[in-house]
Amino acid sequence: RFEGTAHLVKPFEIPARARRYRGGDFGLVNPTCLLDGFEADDGTLYVYREYYEPNGESYGRHAERYLETQAGEEYEAGWGDPAAKEAREAFGDAGVYLGPADNDVKGGIDRVRDRLRLQGDGRPRLRVFKGQCPNLEREIAVCPFEVKVVG
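Residues numbered from 1 in each chain as written. Predicted model: local features only at pLDDT ≥ 70, side-chain atom pairs only at ≥ 80, totals over all residues. Heavy atoms only, no water.

Novice: How would you explain the sheet that holds strand β7 (residues 126–129) if you had to name every residue and give the values?
Specialist: Read from one edge to the other, the open sheet built from seven strands follows the order β1-β7-β4-β3-β2-β5-β6, with strand pairing classed as mixed. The open sheet has two edge strands, β1 (8–9) and β6 (99–100), and neither has a second partner. Where helix α1 (residues 59–67) meets the sheet, it contacts β2 (19–25), β3 (32–39) and β4 (45–53), and its direction lies at approximately 130° from that of β4. (Pairing = 2+ DSSP bridges. Helix = DSSP H or I, 4+ residues; strand = E, 2+ residues; numbered from the N terminus. Contact = heavy atoms within 4.5 Å. Axes fitted to C-alpha atoms, helices over the stretch in contact; angles between N-to-C directions.)

Novice: I'd love a proper account of the pairing of β2, names of residues and values included.
Specialist: As paired elements, β2 and β3 share seven bridges and run antiparallel to each other. Following the sheet pairing, Gly24 is matched in β3 by Leu34. Counting the residues between successive antiparallel strands, the hairpin from β2 to β3 contains six residues. Pairing geometry for β2 and strand β5 (residues 77–80), over four bridges, is parallel. Directly across from Gly24, in β5, lies its bridge partner Gly80.

Novice: Now, about the pattern of salt bridges: what can you tell me, with residues and values included?
Specialist: In total, this model carries 15 salt bridges according to the counting rule given. For Glu68, the salt bridge is made with Arg61, and the minimal N-O distance between the two is 3.9 Å. The shortest N-O distance in the salt bridge between Asp121 and Arg125 comes to 2.9 Å. By relative accessible area, Asp121 is classed as partly exposed at 44%. Arg125 sits in the buried class, given a relative accessible area of 16%. Sharing partners across several salt bridges, the network here consists of Arg20, Asp36, Arg49 and Glu73. (Salt bridge = Lys/Arg side-chain N within 4 Å of Asp/Glu carboxyl O. Buried < 20%, exposed > 50% of the residue type's maximum accessible area, 1.4 Å probe, protein only.)

What follows is the structure, given as structure tokens:
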């Protein structure tokens, strides 16, 4: 299980110099989800916020609602589904810039697995702020690959 592992961390203040990123997947049937994260000096990617809303809203309305969660952060980069050009453009029109993501599914899964593995220091390089991303926590808890429990 993901709960109680080194992958969940108590939220902490994000360093001012942290490079922030966002990624989005736009739902027609499934919910629209954007994840906000930052990379720490040791290469750990921390996911600290989740926007997760059912479809039924226009992409522009999703972008407005997503922006309501922001506190003036600046992002190094953002990516979204490359097949969802209309959604990425609607978010861009609202000021949420998302370039086309690399759609290499196997490569993406491998990169996530590598970040989830415990490194030599006993910590993974993908960590999630506990309680801030409930849907991501749920998804990782049922992921088809092993998440190592620490302690």
